[in-house]
Amino acid sequence: MRSITRGLGLGSAAMALTALTALAWPGSAGAAQSGTESLYAPSALVLGVTAGDDTATGTVLRAVTLVCAPTPGGTHPNPAAACAELRSNAPALDALAAPEPGTACTKEWNPMTVTADGVWQGSRLNYTYTFGNPCGMRNTSGTLFDF
């Protein structure tokens, strides 16, 4: 019993020392740096295009990142326009996948699936939409999936 008590005491002391070191060490995760506190909810997504109607079995053709706060960024070719579309339409993104008026595509079945996965204004966002073919995907009215 004595060795268990001493072991618990040493374990508690080690944990306390670790916690104090983390708080005192410059740049540690537990210490708030002056002027770096966030006043906005996080907004960062990974956007993807997959050949096929199932993202689990399809072939990922390309993917980009999109960060919308505090300023638009990421690897998306037009992050400012994509973030503006998200602000107007999220979390219901089907309007961004709608075809551009006056477009005509063949009726071949060659599915392409787009995904948006991440955090939008602090809430989890997981969106998937499957187009009938690449023509349908190319002729959408939005820029979010135009990469």
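All of the points below concern the structure found in this document. Nothing here was measured: the structure is a model prediction, and the numbers come from that model. (Residues numbered from 1 in each chain as written. Predicted model: local features only at pLDDT ≥ 70, side-chain atom pairs only at ≥ 80, totals over all residues. Heavy atoms only, no water.)

## Structural notes on the side chain of Thr 115
One can find Thr 115 in strand S4 (residues 112-120). Taking the relative accessible area as the measure of exposure, Thr 115 reaches 17% and is therefore buried. (Helix = DSSP H or I, 4+ residues; strand = E, 2+ residues; numbered from the N terminus. Buried < 20%, exposed > 50% of the residue type's maximum accessible area, 1.4 Å probe, protein only.)

## Focus on the pairing of strand S1 (residues 44-51)
One ladder, built from eight bridges, connects S1 with strand S2 (residues 59-67); its direction is antiparallel. From the neighbouring strand, Gly 48 faces S2, where its bridge partner is Ala 63. (Pairing = 2+ DSSP bridges.)

## Details of the sheet that holds S2
Pairing between sheet strands relies on hydrogen bonds along the backbone, with the strands arranged either parallel or antiparallel. Pairing is antiparallel in the open sheet, where five strands are placed in the order S3-S2-S1-S4-S5. Looking at which strands have only one partner, the edges of the open sheet turn out to be strand S3 (73-74) and strand S5 (123-131). Helix H2 (residues 79-89) contacts S1, S2, S3 and S4 of the sheet and is inclined by roughly 85 degrees relative to S2. (Contact = heavy atoms within 4.5 Å. Axes fitted to C-alpha atoms, helices over the stretch in contact; angles between N-to-C directions.)

## So, unusual backbone geometry
Cis geometry marks the peptide bond from Ala 69 to Pro 70; its omega dihedral reads 10 degrees. Here Pro 70 shows up in the loop between S2 and S3. Even without being a glycine, Gln 121 presents a positive backbone phi close to 50 degrees.

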